[in-house]
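The chain contents come next:
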Amino acid sequence: MANRRETYHRSNNHRPRRALISILLVAVLGGGALGSYFFHAYHQNQTKQTATTKKQPSSTDAHITAAPNTSKVLQDPKNDTPAQHKLREIINKQKLNGIVISTTVNSNEPVIVTNGYSNVLTKTVIDEHTLFPISSFQKMYTGIILDHLIADGKLSLDTRLKKFYPDIRFADRISIQNLLSHTSGIQSGDIFPVSPLGSEESQLSFNEHILKSTGIFKWSYSSANYALLAGIITNITGKSYQANVEQYIVQPLGLKETYFYNKLPANPNIAYPENLNTVLAQKVYLTDIRRIVSADYGSGDIFQSTSDFYKVLVATENGTLIPKNRLEDFFPAGSRAYTNGMYIQYGLIHAAAANLSYYGSYYGNTKSLKNTVILTTNGSLQTIRVASVDLYHVINH
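As the structure is a prediction and not an experimental result, all values here were calculated from the model. (Residues numbered from 1 in each chain as written. Predicted model: local features only at pLDDT ≥ 70, side-chain atom pairs only at ≥ 80, totals over all residues. Heavy atoms only, no water.)

## Considering the overall build of the protein
Alright, step 1. When its secondary structure is counted, the protein shows 13 helices and 14 strands.
Alright, step 2. The 397 residues of the protein split such that 58% are buried.
Alright, step 3. Across the protein, contacts joining residues at least 24 apart in sequence account for 71% of those joining residues at least 6 apart.
Alright, step 4. Of the roughly 16,200 Å² of accessible surface on the protein, a fraction of 52% belongs to carbon and sulfur atoms. (Helix = DSSP H or I, 4+ residues; strand = E, 2+ residues; numbered from the N terminus. Buried < 20%, exposed > 50% of the residue type's maximum accessible area, 1.4 Å probe, protein only. Contact = heavy atoms within 4.5 Å. Areas by Shrake-Rupley, 256 points an atom, 1.4 Å probe, with all protein chains shown as cover.)

## Some remarks on the sheet that holds strand E9 (residues 302-305)
Alright, step 1. Spatially, E5-E9-E8 is the arrangement adopted by the 3 strands of the open sheet, whose pairing is antiparallel. Each end of this open sheet is capped by a strand with a single partner; those strands are strand E5 (131-133) and strand E8 (258-260). The average undirected angle you get between the axes of adjacent strands in this sheet is 25°.
Alright, step 2. Bridging between E8 and E9 involves 3 bridges; their strand directions are antiparallel. If you follow Phe-260 over to E9, its bridge partner there is Ile-302. (Pairing = 2+ DSSP bridges. Axes fitted to C-alpha atoms, helices over the stretch in contact; angles between N-to-C directions.)

## A short note on the confidence of the model for the protein
Alright, step 1. Chain-level pLDDT for the protein is 83 on average; 81% of the residues reach the 70-or-more range.
Alright, step 2. Taken together, the stretch residues 1-73 has pLDDT below 50 and engages in 141 contacts with residues farther than four places along the chain or on a different chain. (pLDDT = per-residue confidence, 0-100.)

## Description of the packing of aromatic side chains
Alright, step 1. All chains considered together, the criterion is met by 14 aromatic pairs.
Alright, step 2. Here Trp-219 and Tyr-338 contribute two aromatic rings whose centre-to-centre distance is 6.5 Å and whose plane-to-plane angle is 65°, an arrangement assigned as edge-to-face. Here Tyr-338 lies in strand E10 (residues 335-339) and Trp-219 lies in the loop between strand E7 (212-213) and helix H8 (224-237), a separation of 119 residues in the sequence.
Alright, step 3. Between Phe-309 and Tyr-362, the aromatic rings sit 5.4 Å apart at their centres with planes inclined by 45°, giving tilted as the arrangement. Note that Phe-309 is positioned in helix H11 (residues 306-317) and Tyr-362 in strand E13 (residues 358-365), a separation of 53 residues in sequence. Across the pair, exposure class does not vary: Phe-309 and Tyr-362 are buried alike.
Alright, step 4. An aromatic cluster of three or more residues is present, and its members are Trp-219, Tyr-221, Tyr-338 and Tyr-343.
Alright, step 5. When the ring centre of Tyr-117 is taken as reference, the NZ or CZ atom of Lys-123 above it lies at 5.3 Å.
Alright, step 6. Over the face of the ring belonging to Tyr-226 we find Lys-139, whose NZ or CZ atom lies 5.9 Å from the ring centre. (Phe/Tyr/Trp six-rings, centres within 6.5 Å; stacked < 30°, edge-to-face > 60°. Lys NZ or Arg CZ within 6 Å of the ring centre and 35° of its normal.)

## Here's the deal with H8
Alright, step 1. Along its 14 residues, H8 runs 20 Å from first to last C-alpha, staying within 8% of the 20 Å computed at 1.5 Å per residue.
Alright, step 2. Of all 14 residues making up H8, 10 are buried, and the element is well covered by its neighbours.
Alright, step 3. Positive phi appears at Gly-238, one or two residues downstream of H8, with a value of about 75°. (Expected span 1.5 Å × (residues − 1).)

## Points about helix H9 (residues 241-253)
Alright, step 1. A rise of 1.5 Å per residue sets the reference length of H9, with its 13 residues, at 18 Å; its end C-alpha atoms lie 18 Å apart and thus fit the reference within 8%.
Alright, step 2. Along its length, H9 shows its largest kink, about 40°, at Gln-247.
Alright, step 3. If you check which residues of H9 are buried, you get Tyr-241, Gln-242, Asn-244, Val-245, Tyr-248, Ile-249, Val-250 and Leu-253.
Alright, step 4. Tucked into the core, H9 has its buried residues touching helix H5 (139-151), helix H7 (200-210), H8, E8, E9 and H11.
Alright, step 5. Positive backbone phi, approximately 65°, marks Gly-254, located one or two places after H9. (Bend = angle between axes of the 7 residues up to and from the residue.)

## Quick look at unusual backbone geometry
When glycine is set aside, most residues are seen to have a negative phi, and most peptide bonds are trans.
Alright, step 1. The backbone phi angle of His-182 is positive, close to 60°, even though this residue is not glycine.
Alright, step 2. Along the polypeptide, His-182 turns up in the loop between helix H6 (176-180) and strand E6 (186-187).
Alright, step 3. The class for His-182 is buried, based on a relative accessible area of 1%.
Alright, step 4. The phi dihedral of Asn-340 falls on the positive side, at around 55°, and the residue is not glycine.
Alright, step 5. By secondary structure assignment, the location of Asn-340 is in the loop between E10 and strand E11 (342-345).

## Digging into the environment of Leu-369
Alright, step 1. Turning to its location among the elements, Leu-369 is positioned in the loop between E13 and strand E14 (371-376).
Alright, step 2. It is 9.4 Å that separates the C-alpha atoms of Leu-369 and Leu-313, two residues lying 56 residues apart in sequence.

## A short note on the packing of helix H4 (residues 82-94) against helix H13 (residues 381-396)
Alright, step 1. It is at 10 Å that the axes of H4 and H13 come closest, and there the two elements cross at 160°. Judged by the angle between their axes, H4 and H13 are roughly antiparallel. Along this stretch, H4 crosses H13, giving a crossing that reads as right-handed. Across the interface between the two elements, Ala-83, Lys-86, Leu-87, Ile-90 and Gln-94 from H4 touch Thr-383, Ala-387, Asp-390, Leu-391, Val-394 and Ile-395 from H13. (Parallel < 35°, antiparallel > 145°, perpendicular 65-115°, else oblique. Left-handed = near helix turned anticlockwise from the far one by under 90°.)

## Observations regarding the environment of Ile-126
Alright, step 1. Looking at the secondary structure, you find Ile-126 in the loop between strand E4 (124-125) and E5.
Alright, step 2. For Ile-126, a relative accessible area of 0% corresponds to the buried category.
Alright, step 3. When the C-alpha atoms of Ile-126 and Gly-116 are compared, they prove to be 6.3 Å apart, with 10 residues separating the residues in sequence.

## As for the side chain of Thr-183
Alright, step 1. By the element assignment, Thr-183 lies in the loop between H6 and E6.
Alright, step 2. Only 2.9 Å separates the side chain of Thr-183 from the side chain of Ser-181, close enough to count as a polar contact.
Alright, step 3. Dropping the residues within four chain positions of it, Thr-183 is found in contact with Gln-177, Asn-178, Phe-217, Lys-218 and Trp-219. (Polar contact = N/O pair within 3.5 Å; in protein donor to acceptor, adjacent residues only side chain to side chain.)

## Some details on the nonpolar core
Alright, step 1. Judged by nonpolar contacts, the single largest core of 88 residues is most densely connected at Met-140, Leu-161 and Tyr-362.
Alright, step 2. Ranked by the residues each element gives to this core, the list is headed by H8, at 8 residues.
Alright, step 3. For Leu-161, the contacting residues outside a window of four places in its chain are Ile-168, Ala-171, Ile-174, Leu-179, Ile-186, Leu-228 and Ile-232.
Alright, step 4. Residues Ala-83, Leu-87, Ile-91 and Ala-354 belong to the second largest nonpolar core, which totals 16 residues. (Core = buried A, V, L, I, M, F, W, Y, C linked by side-chain atoms within 4.5 Å.)

Given below as structure tokens:
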């Protein structure tokens with residue numbers, strides 16, 4: 001295993017360890033800046049809302065209408081709306097290249113701010129249709145599909161892993177809820193194949209090979225949990241994980257800019273980091289990112305536009321994608337560290353994502369349907385995560 005880790009391990013310079021990411025997330029949520037924002041936003045919302053689970057009226061397809069001075073052309077800050085100006089101040093302060101889509105205090109119709117190029121060679125600017133690897137954002141999609149299977153009586157949160165993976169140590173003690181909440185004791189680390197994995201079977205097999213079941217049932221972030229969940233989905237439905245994403249997410253919302261790593265179109269409209277200024281550099285980078293995300297079965301092997309992701313986020317919050325009798329379970333009340341691919345506290349949700357030079361974060365309110373999503377090609381996970389909270393707080397309160 002030591003040699004395998006040396007062969008597949010991601011470079012420290014360009015690929016931050018997920019274990020470190022997990023520690024940072026726990027530290028912040030456990031009492032740092034993000035936790036205080038959760039608490040502050042919760043009490044502000046309580047003064048404006050009655051204690052009800054009824055959602056505000058919202059379009060089921062979460063249609064995004066371009067605001068003035070959108071990302072169709074390189075944006076001129078002089079033409080910003082007041083809301084865009086507030087967003088841009090934070091982006092410029094952090095020197096970020098990317099896109100923000102956010103609601104505002106007066107409207108749930110999102111505004112858009114972008115900065116930088118998706119391709120410096122063609123001078124193509126980043127816009128709401130530019131593709132990003134959404135990484136850990138995808139874990140929410142796996143949670144959505146599982147909720148449908150639970151609603152249909154195919155399994156429960158207490159179903160044991162032994163039913164599907166009897167050879168994994170402690171499988172008789174690991175539940176579906178443990179996998180969803182990263183409390184299964186399963187660890188995997190940052191280990192990646194030497195070339196893109198070619199099938200879902202190879203993706204699952206790869207994750208089964210690299211995981212370690214410790215029997216320590218404490219919170220420990222590991223994407224292998226969601227790889228196993230993706231395998232459970234295929235076992236129950238008799239269909240591929242990709243087909244389930246198509247059935248439960250892509251088709252209901254009519255998404256047109258959502259692709260799995262092995263189904264990207266030729267010359268995809270991907271956001272390349274701006275330092276990739278040759279055709280060869282971009283080609284090598286695309287191959288490398290596809291190789292890396294191919295290991296993230298059920299947890300990060302999708303490329304998606306910010307527009308499409310925003311639609312999924314809102315449609316999840318307003319109950320379009322979640323069975324009606326499961327909505328309160330999907331977003332449990334009170335304080336809970338992590339489930340269904342996101343951190344949830346008092347109706348407020350947050351998740352972050354990172355892969356190579358890509359970073360992302362979203363922050364939202366499941367009651368008011370206020371949301372802020374940011375995806376970038378530079379920065380750091382800590383910077384982007386804090387920026388999403390700042391962006392949400394500044395423009396929605």
